[in-house]
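Given next are the chains, with one letter for each unit.
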Amino acid sequence: MSEPIIRIDNIVKKYGPLTVLDKLSMEVMPGEKLALIGPSGSGKTTILRILMTLERISDGFIEVDGEHLYHMKKDRQLVPADERHLHLMREKIGMVFQHFNLFPHKCVLDNVTLAPMLTKGMARAAAEKRAMELLDMVGMADKAKSMPAQLSGGQKQRVAIARALALSPKIMLFDEVTSALDPELVEEVLNVMRRLADETDMTMLLVTHEMGFAHDFADRVLFFDRGKIVEEGKPGDIFRHPKQERTQAFLRKIIAAGHRV
Amino acid sequence: MIDWSGYIGLILQGAWVTVELTLMGSALALVVAFAAGLGRLSRFMAVRSLATTYIEFFRGTSIFVQLFWAYFVLPFAGITLTPLQAGVLALGLNVGAYGAEVVRGAVKAIGREQREACIALNLTRYQAMRHIILPQALPLMLPTFGNNAIELLKGTAVVSLISLTDMTFQAQVVRAQTGSTLIPFATILVLYFVMAWVISLGMRWLERRAGRGLDGVRV
């Protein structure tokens, strides 16, 4: 049995008086595909943002790949991590955002090559070769020289996925990556993610409202509500036989809103 | 009958001094604007305070007083400047204080989403600023920088007060010697306007170049 790649231990996240995550603990095994579902404001996106170091935690510990994320050892004491430690830890994690966050002043190819060249010192030729492979994988190789403004939402999101993959992270975080897309563009992005799940052994955490996709994609589904994990289990169990009242209520609402399970 | 060609030549010599002052003053203002504007966004309190103090001081006092300090008071501190140096220093620091706020505003206008993408791609703060934030902020600064440059051009007229022979100074000389106000001042009116116009055209050209491919579409 291998060690968890992510270990979240009693973390608390507060915004002023508001507690978003309340003593939350969870573990993720290497290669696991996890779907985080739940009503908005339940804390599922906050988990991803904390793992990407976009938000700090108020209390608790997180270990990623055997090392503390927000702490480091100094003279045998655990002290808050400095920027250098965070920099090392971020190498293990990549993220894809709801609104793509592509760099509008750079062409598709440069969006993908920028980080490997800057953070890993990769030569341009090598970075471009790798970028073209990734763009080919997401079906965007023919748009390598296009500017982001010339692409559709689905195309932008596929470029954003290639951009995150270019740094070869061990863990990929997907934050509602299809929520900002027109309905007819959702499928092309989901297809890329299906392929990614099939062809790589990357650990993937997915926050989504696409229940059908969560069902097919995930090894395990976590249902969040009010900063806590209310229920977790295999997709078949969670979606077909939810045990908790709140999970049932949430799924009923989602189905009533026209989402397929 | 007055022979105007000599007098006009005098004014043109002054025009060159005005151009020099504007170019050197703008160059200094630009450097100072970036240093102080980015300084105000620093995570170090001391840097932020220093930048804020500079900006508030130079925006809050008149260019006229600043010029007199640079030329007449600094010598008491052992720093003697030529009139041109004093003029460039006062103009550059004065306009730079306004420019600093332009830089700060434009950098802040590049939203959280771009910064978060930089963090997720593990760029350092410097790399994010240099490759992502500033290239997008620059086009936002240009229209106001154009304004500032024209303000600086017109501000150069105050240097005649420390005996620098700029365009306005020469016009005064010509007026004193010929008794005519209309011709020298009509001449410099046109010259100032033409110079400001050249700045406008230049800035418009830069804006077009910088805005290429962006087109304000959300990405």
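Residues numbered from 1 in each chain as written. Chains lettered and ligands numbered in written order. Predicted model: local features only at pLDDT ≥ 70, side-chain atom pairs only at ≥ 80, totals over all residues. Heavy atoms only, no water.

**What to know about the side chain of Q114(B)**
Selection criterion: Numbering of helices and strands runs from the N terminus, with a helix taken as a DSSP run of H or I at least four residues long and a strand as a DSSP run of E at least two residues long. In what follows, a contact means two residues having at least one pair of non-hydrogen atoms within 4.5 Å.
With respect to the helices and strands, Q114(B) occurs in helix α5 (residues 112-120). In contact with Q114(B), not counting residues within four places along its chain, are N101(A), L102(A), F103(A), P104(A), I132(B) and Q136(B).

**Digging into the UniProt feature "transmembrane region" (unreviewed entry) in chain B**
Under the convention used in this document: UniProt positions are given in the numbering used here, feature names are shortened, and annotations may be inferred rather than shown by experiment.
Per the UniProt record, the feature "transmembrane region" (unreviewed entry) sits at residues 6-36, 57-79 and 182-202 of chain B. The distance separating the terminal C-alpha atoms of residues 6-36 of chain B is 44 Å; by composition the span is 100% helix and 0% strand.

**Some details on empty space enclosed by the protein**
How we decide: Cavities and pockets were defined on a 1 Å grid built from protein atoms only: a cavity is a group of points that admits a 1.4 Å probe but offers it no way out, a pocket is an open group of points flanked by protein on both sides within 12 Å along at least five of seven lines, and a lining residue is one with an atom within 4 Å of any such point. Grid points are joined across faces, edges and corners, and a volume is the space filled by probe spheres set on the points. Gly is put with the polar residues, along with every residue not named as nonpolar or charged; the nonpolar set is Ala, Val, Leu, Ile, Met, Phe, Trp, Tyr, Cys and Pro, and the charged set is Asp, Glu, Lys and Arg.
Enumeration according to the criterion identifies two cavities of 30 Å³ or more in this entry. Of the volumes computed, that of the largest cavity is approximately 60 Å³. Around the largest cavity sit I93(A), G94(A), M95(A), F97(A), R163(A), A164(A), L167(A), P169(A), A117(B), A120(B) and L121(B), which together line it. Contributing elements (two or more residues each) for the lining of the largest cavity: β8 (93-96) and α5 (153-165) of chain A together with α5 of chain B. With three residues, β8(A) is the single largest residue contributor to the lining of the largest cavity. For the lining of the largest cavity, the per-class residue count stands at nine nonpolar, one polar and one charged. Considering the residues around the second largest cavity, the lining is formed by R90(A), E91(A), I93(A), T119(A), K120(A), L167(A) and N122(B).

**Focus on the packing of aromatic side chains**
Our working definition: In this scheme Phe, Tyr and Trp rings, the latter by its six-membered ring, pair at centre separations within 6.5 Å, and the angle between planes marks the pair as stacked below 30 degrees, edge-to-face above 60, and tilted otherwise. Each residue is placed in one exposure class: buried if its accessible area under a 1.4 Å probe, protein chains only, is under 20% of its type's maximum, exposed if it is over 50%, and partly exposed if it falls in between. The rule for a charge over a ring is simple: NZ of Lys or CZ of Arg within 6 Å of the ring centre, and within 35 degrees of the ring normal.
Enumeration according to the criterion identifies nine aromatic pairs over all chains in this entry. When the ring of F68(B) is compared with that of F72(B), the centres are 5.1 Å apart and the planes differ by 55 degrees; the resulting orientation is tilted. Of this pair, F68(B) and F72(B) both sit in helix α3 (residues 63-73), separated by four residues, roughly a single helical turn. Using a relative accessible area of 29% as the deciding quantity, one classes F68(B) as partly exposed. Under the relative-accessibility criterion, F72(B) is labelled partly exposed at 40%. Every member of this aromatic cluster is reached through a ring pair, and the members are F64(B), F68(B), Y71(B) and F72(B). The ring centre of F103(A) lies 4.6 Å from the NZ or CZ of R163(A), which sits over that ring.

**Focus on the sheet that holds strand β3 (residues 33-37) of chain A**
Residue and element names in this part refer to chain A. Put simply, the rule reads: Any two strands with at least two DSSP bridges between them are considered paired. All axes here are fitted lines through C-alpha atoms, helices being fitted over the stretch that makes contact, and every angle between N-to-C directions spans 0 to 180 degrees.
One open sheet holds the six strands; their spatial order is β8-β9-β10-β3-β11-β12, and the pairing between them is mixed. The sheet is open, and its two borders are formed by β8 and β12 (228-233), each paired with just one other strand. Taking each pair of neighbouring strands and ignoring which way they run, the sheet shows an average axis angle of 20 degrees. Set on the sheet, helix α6 (residues 183-199) makes contact with β3, β9 (171-175) and β10 (203-207); between it and β10 the angle comes to about 150 degrees.

**Details of the pairing of β10(A)**
For a regular strand, side chains alternate in direction, first toward one face of the sheet and then toward the other. All names here are of chain A. Applicable threshold: Here, the term right-handed applies to a crossover whose path from the first strand over the helix to the second runs clockwise when the strands point away from the viewer.
Burial runs high along β10: five of the five residues are buried. Neither face of β10 is exposed, since T203, L205 and V207 on one face and M204 and L206 on the opposite face are all buried. For β9 and β10, the ladder comprises five bridges, and the chain directions are parallel. Looking at the pairing, F174 lines up with L206 of β10. Handedness of the crossover is the feature at issue here: the chain leaves β9, passes through α6, returns alongside β10, and the resulting connection is right-handed.

**Some thoughts on the UniProt feature "domain: ABC transmembrane type-1" (unreviewed entry) in chain B**
UniProt annotation of "domain: ABC transmembrane type-1" (unreviewed entry) refers to residues 15-200 of chain B when read in the numbering used here. Helix makes up 81% of residues 15-200 of chain B and strand 0%, whereas the separation of the span's terminal C-alpha atoms amounts to 18 Å.

**Some words on the interface of chain A and chain B**
The test is simple: Two parts placed together each lose some accessible area under a 1.4 Å probe, and adding up what both lose gives the buried area. Throughout this description, the term salt bridge denotes a Lys or Arg side-chain nitrogen within 4 Å of a carboxyl oxygen of Asp or Glu. Distance and chemistry together define a polar contact, namely a pair of N or O atoms within 3.5 Å, with one atom able to donate a hydrogen and the other to accept it when in protein, and with adjacent residues in sequence counting only for side-chain atoms on both sides.
The partner chain B presents 22 residues to the 28 residues of chain A that form the contact. In this assembly, chain A packs against chain B so that about 2,400 Å² is buried in total across both faces, 64% of it on carbon and sulfur atoms. By the criterion of area lost to chain B, the three top residues of chain A are P104(A), H105(A) and L118(A), representing 22% of everything that side buries. Between R49(A) and E116(B) there is a salt bridge; the shortest N-O distance is 2.6 Å. Taken together, the links from chain A to chain B amount to six residue pairs in polar contact (both at pLDDT 80 or more). Counting residues per element, the ones that place at least two in the side of chain A that touches chain B are α2 (83-90), β8, α3 (108-119) and α5 of chain A. Considering every element that reaches the side of chain A that touches chain B, the biggest residue donor is α3(A), with four residues. Classifying every residue of the side of chain A that touches chain B gives 16 nonpolar, six polar and six charged.

**Thoughts on the layout of surface pockets**
Of the voids in this model, the largest pocket is the one considered here, and its volume is about 780 Å³. What lines the largest pocket is a set of 24 residues, and nearest its centre among them are L41(B), R43(B), R115(B), R125(B) and M129(B). Those elements giving two or more residues to the lining of the largest pocket turn out to be α2 of chain A together with α1 (4-39), α4 (83-109), α5 and α6 (125-155) of chain B. Ranked by the residues each element gives to the lining of the largest pocket, the list is headed by α5(B), at five residues. Each residue belonging to the lining of the largest pocket can be placed in one class, and the counts come to 11 nonpolar, four polar and nine charged. In this structure, the second largest pocket spans a volume of roughly 520 Å³. Lining the second largest pocket we find 24 residues, and of these S26(B), F145(B), A149(B), I199(B) and M203(B) sit closest to its centre. Contributions of two or more residues to the lining of the second largest pocket are made by α1, α4, α6 and α8 (182-210) of chain B. No other element matches the nine residues that α1(B) contributes to the lining of the second largest pocket.

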